[in-house]
Amino acid sequence: MAKRDYYEVLGVSKGASQDEIKKAYRKLAIANHPDKNPGDKAAEERFKEASEAYEILSNEQKRQAYDQYGFAGVENGGAQDYSNVYRDFSDLFGGGFGDIFGSFFGGGGGRSSHGSRGPAVGSSLRYDVEIDFKEAVFGTKVEISYSHQVHCSTCNGSGEKSGSGKKVCPTCNGVGQVRRNSGFFSIASTCPTCNGEGYIIENPCTECHGSGLMRKKQKLKVTIPAGVDTGNRISISGMGDAGPNGGPSGDLFVYVNVKPHSYFERSGNDLYCQIPISFTQAALGGDIEVMTIDDVRVKVAIPAGTQHGKVLRLRNRGVPKLRSSSDQRGDQYIKLVIETPRKLNREAKKLLNQLSEVLGENKRPEPVPFTE
Ligand SMILES: [Zn+2]
Ligand SMILES: [Zn+2]
């Protein structure tokens, strides 16, 4: 059977706020809870379906991935097993579900732990970019687009229609929690009328339905400085999600992942590569030209009598030091690899035979320690 769209499952629009998603899920979870519908397979299916949809849509990052790539974008998409979600009673009221159903065994009159009555800082968001090796060395600009929560422009994040004000919640009398008996337990749960806020908005803003938040698509040009490496992050303050109740926004963290280069290896700010030379070049010495990361060829002198594996250093031809105003760079190291000619024509063979006679060959070379 084809999976239903998560938004469709919860019966909310694509632009739904976290509040709307939470409310929709709570309704479905309570109505279809297996404890309430023993033996009803259809209800159980609806409960599992709703739990899965909520798990994804309540998490900004998973939701973004789902919006962009569908089920394929969501880690463990449908593979995760939700059949155990409800078996353990505490699962539903503790852990990840705690903020929906309020604290389990909550002390009388105590506020629910999330304490969302005042303004709070919004969530920070993570965005991953992949850039080329050379872009990391010299810096680049990347355009990213993502969606985040911003304060509703109509009510400035207050959630109320201008001047309408707030009043103490009649259901919980401002406590933010209600208690009810369920089976063996007396459960203190978040007041469904006011969501634990303790007050209700008499006249909610029509734009954001009282949440004070709305989703906005955002495009940003991010400057990636020269010298970044995999794992570095660029933080852009205030570009995360807006905080609830008019609170400040979290930050956006852009994490950099650098693609490998075809021949350069990087270690810190130094670059490493191998350069093959012929054994006559190694024996006689001479100049060669070596490619650098700047795409220029620089002259390198090979000393006569160079041995296989010798490493030469090209100063200041490595990676620029991150956030350094000077022209300081790391170095480029080249390892000389001596190649033995594979195909010899008659002339070359003759000359080598002559060389062999002149130099003489050692038929009993002495062993030396093994190295790579
Ligand atoms: Zn509003
Ligand atoms: Zn209330």
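Because the structure is a prediction, the values reported are computed rather than measured. (Residues numbered from 1 in each chain as written. Chains lettered and ligands numbered in written order. Predicted model: local features only at pLDDT ≥ 70, side-chain atom pairs only at ≥ 80, totals over all residues. Heavy atoms only, no water.)

1. Overview of the overall build of the chain
Looking only at helices and strands, the chain has 9 helices and 15 strands in total. Taken across its 372 residues, the chain has 39% of its residues classed as buried. Total accessible area computed for the chain in this model is approximately 21,900 Å², and 50% of it derives from carbon and sulfur atoms. (Helix = DSSP H or I, 4+ residues; strand = E, 2+ residues; numbered from the N terminus. Buried < 20%, exposed > 50% of the residue type's maximum accessible area, 1.4 Å probe, protein only. Areas by Shrake-Rupley, 256 points an atom, 1.4 Å probe, with all protein chains shown as cover.)

2. What to know about the packing of aromatic side chains
Using the criterion set out here, one finds 6 aromatic pairs in the structure. For the ring pair Tyr-6 and Tyr-66, a centre distance of 4.5 Å and an interplane angle of 40° mean the geometry is tilted. Linking Tyr-6 in helix H1 (residues 6–10) with Tyr-66 in helix H4 (residues 60–69), this pair joins segments that are 60 residues apart in sequence. On the basis of relative accessibility, which here comes to 1%, the residue Tyr-6 falls in the buried class. For Tyr-66, a relative accessible area of 5% gives the class buried. With a centroid separation of 4.8 Å and an interplanar angle of 50°, the aromatic rings of Tyr-263 and Phe-264 are classed as tilted. For Tyr-263, a relative accessible area of 42% translates into the label partly exposed. Judged by relative accessible area, which is 4%, Phe-264 ranks as buried. (Phe/Tyr/Trp six-rings, centres within 6.5 Å; stacked < 30°, edge-to-face > 60°.)

3. Concerning the sheet that holds strand S11 (residues 270–278)
Reading across from one edge, S10-S11-S15-S14 is the order of the 4 strands in this open sheet, with mixed pairing throughout. This sheet does not close on itself; its edge strands, each paired only once, are strand S10 (265–267) and strand S14 (311–314). Strand after strand, the sheet turns through a mean of 35° between neighbouring axes, direction not considered. Alignment of S10 against S11, held across 3 bridges, turns out to be antiparallel. Within the sheet, the bridge partner assigned to Arg-266 lies in S11 and is Leu-271. (Pairing = 2+ DSSP bridges. Axes fitted to C-alpha atoms, helices over the stretch in contact; angles between N-to-C directions.)

4. With respect to the coordination of the zinc ion (ligand 1)
Each pair of donors in an ideal octahedron of six around a metal sits at 90 or 180 degrees, and each pair in an ideal tetrahedron of four sits at 109.5 degrees. With distances of 2.3 Å, the protein atoms coordinating the zinc ion (ligand 1) are Cys-152 (SG), Cys-155 (SG), Cys-205 (SG) and Cys-208 (SG). Its 4 donor atoms give the zinc ion (ligand 1) angles of 105 to 117° at the centre, a pattern that matches the tetrahedral case. In the primary structure, the donors to the zinc ion (ligand 1) are separated according to the pattern C-x2-C-x49-C-x2-C. Looking at Cys-155, the relative accessible area reads 9%, which means it is buried. (Donors = N, O, S within 2.8 Å, 3.2 Å for Na, K, Ca; no water. Tetrahedral: all angles 85-135°; square planar, octahedral: opposite > 155°, others 65-115°.)

5. Details of the packing of helix H3 (residues 41–57) against H4
One way to put it is that H3 packs onto H4 with a least axis distance of 6 Å and a crossing angle of 100°. Taken together, the axes of H3 and H4 are roughly perpendicular relative to one another. Across from Glu-55, Ile-56 and Leu-57 in H3, the residues of H4 making contact are Lys-62, Arg-63 and Tyr-66. Each residue belonging to the contact of H3 with H4 can be placed in one class, and the counts come to 3 nonpolar, no polar and 3 charged. (Parallel < 35°, antiparallel > 145°, perpendicular 65-115°, else oblique. Contact = heavy atoms within 4.5 Å. Nonpolar A, V, L, I, M, F, W, Y, C, P; charged D, E, K, R; others polar.)

6. Considering a nonpolar patch on the surface
A grouping of Phe-279, Leu-355, Val-358 and Leu-359 is seen on the molecular surface, where their side chains present a nonpolar patch of about 400 Å² in accessible area. No other element matches the 3 residues that helix H9 (residues 346–359) contributes to the nonpolar patch. As for its position among the elements, Leu-359 is in helix H9. (Patch = residues over 30% accessible without salt bridge, like charges linked within 9 Å, V, L, I, M, F, W, Y side chains within 5 Å. Salt bridge = Lys/Arg side-chain N within 4 Å of Asp/Glu carboxyl O.)

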